[in-house]
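# Geometric and topological summary
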Amino acid sequence: MTHGTDSMDSPVHGTFGNGSGRSPEPEPQYSLKMFGEVVKTFRKRARLTQEQFAPLVGYSPETVASVEQGRRLPPPDFAERADSILDAFGVILAAAKHLTRKKGLASWFRQWAELELAALSLYTYECRLIPGLLQTPAYARTLFADQLPPLADEQIEAQLAARLERQQLLRERPNTAFSFILEEHLFLRDLGGEEVTRELLDHILDLSELRNVDIQIMPLVRHHHAGLHGPMQLLETPDHQWFGYLEGQEHGQFVSDPKVISALQMRCANMRSQALSLDDSQSLMRQMRGAR
């Protein structure tokens, strides 16, 4: 995924990345590990276990553990809450100012990834490939292995680890509503081979059973289609602001302009009515799974 770093406070949408300026190298994870150690030190000073601390800061024990181990960025309000609860004298807040995204998740995706951590709802329409949040390791590895220019083995492993870590959002945030609209042809392509597709269908069917995850299939034949402008994502923040993200081959576009957001919401609403229902989508995926 490409993504830029323009200010989120801009009232207009911005385009990020270009054919020559985008670096494929991820950022180091040292600051994340250091931040995690700071949080853990103050938590232990307060004589709290991760299980005791988690409800106080408003997140699951798994999220606390991931932050302390330096495996993920803390949610946007985590540092402020933790500093107050643990009487950390502003040390946790100061450490948070130096955070960078962990190895394997590139800097140009940071804005959207940070918003995902605390989103109330996330809507995704995809017509090119299965979204990262729904991919299996085998499917993701195929994508990374096919990337041009080629990635080194260590880059593939780092990006795969980061993608799998990010997928924990689906289970760590049960109060976040995730909605996906996927084109039927994404499964018919058999990317990686029949075995990879079979495993992918099983995985997505399992995810579709989660109460906070809706997955709809846009059928191969559809006489009217509101998504012909291409893939898109919409996200609602805890303070009920909406942002969008659009992506091309060599650039990403972060959208905050209310007029553009309104148009994207209109298209998304139409696509949800044009796609198969949740039950029919599950039925179609089971049929595709049985055909392999």
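A quick note: this is a predicted structure, and the numbers were derived from the prediction, not measured.

Side chains of residues three or four places apart in an α-helix project in the same direction, reflecting 3.6 residues per turn. A rise of 1.5 Å per residue sets the reference length of helix 11 (residues 194-207), with its 14 residues, at 20 Å; its end C-alpha atoms lie 20 Å apart and thus fit the reference within 8%. For helix 11, every residue scored as buried is listed here: V196, T197, R198, L200, L201, I204, L205 and L207. Where the residues of helix 11 are buried, they touch helix 7 (137-145), helix 9 (169-172), strand 3 (177-183), helix 10 (185-188), strand 4 (213-218) and helix 13 (278-290).

The interhelical angle for the contact between helix 11 and helix 13, taken along N-to-C directions, is 155°, at an axis separation of 9 Å. Viewed along their axes, helix 11 and helix 13 adopt a mutual orientation that is roughly antiparallel. You can see that helix 11 and helix 13 cross each other, and the crossing is left-handed. Taken together, the residues of helix 13 that come into contact with helix 11 (itself represented by R198, L201, D202, I204 and L205) are Q282, M285, R286, M288 and R289. Looking at the contact of helix 11 with helix 13 residue by residue, the classes come out as 5 nonpolar, 1 polar and 4 charged.

Right, let's get into the side chain of E183. The residue E183 is located in strand 3 in this model. For the buried E183, which has no salt bridge, the nearest side chain bearing the opposite charge is R222, at an N-O separation of 8.3 Å. Apart from residues lying up to four places away in sequence, E183 is in contact with Y125, E126, C127, M218, P219 and H225.

With that out of the way, let us pick up the confidence of the model for the protein. Considering every residue of the protein, the mean pLDDT works out to 85; 86% of them sit at 70 or more. For residues 1-28, every residue scores under 50 in pLDDT, and the model assigns this stretch 85 contacts once sequence neighbours within four places are set aside.

A word on a nonpolar patch on the surface. Side chains of L188, L220 and V221 sit close together on the surface and give an oily, nonpolar patch of about 300 Å² of accessible area. Within the secondary structure layout, L188 lies in helix 10.

Attention now goes to the side chain of D257. Locating D257 in the fold gives a position in the loop between strand 7 (252-255) and helix 12 (258-274). Within the buried core, D257 has no salt-bridge partner, and the shortest N-O distance to an opposite charge, that of K259, equals 6.4 Å. A polar contact of 3.0 Å, which involves the side chain of D257, links it to the backbone nitrogen of K259.

Conventions we followed
Residues numbered from 1 in each chain as written. Predicted model: local features only at pLDDT ≥ 70, side-chain atom pairs only at ≥ 80, totals over all residues. Heavy atoms only, no water. Helix = DSSP H or I, 4+ residues; strand = E, 2+ residues; numbered from the N terminus. Expected span 1.5 Å × (residues − 1). Buried < 20%, exposed > 50% of the residue type's maximum accessible area, 1.4 Å probe, protein only. Contact = heavy atoms within 4.5 Å. Axes fitted to C-alpha atoms, helices over the stretch in contact; angles between N-to-C directions. Parallel < 35°, antiparallel > 145°, perpendicular 65-115°, else oblique. Left-handed = near helix turned anticlockwise from the far one by under 90°. Nonpolar A, V, L, I, M, F, W, Y, C, P; charged D, E, K, R; others polar. Lys, Arg positive; Asp, Glu negative; His and termini not counted. Salt bridge = Lys/Arg side-chain N within 4 Å of Asp/Glu carboxyl O. pLDDT = per-residue confidence, 0-100. Patch = residues over 30% accessible without salt bridge, like charges linked within 9 Å, V, L, I, M, F, W, Y side chains within 5 Å. Areas by Shrake-Rupley, 256 points an atom, 1.4 Å probe, with all protein chains shown as cover. Polar contact = N/O pair within 3.5 Å; in protein donor to acceptor, adjacent residues only side chain to side chain.

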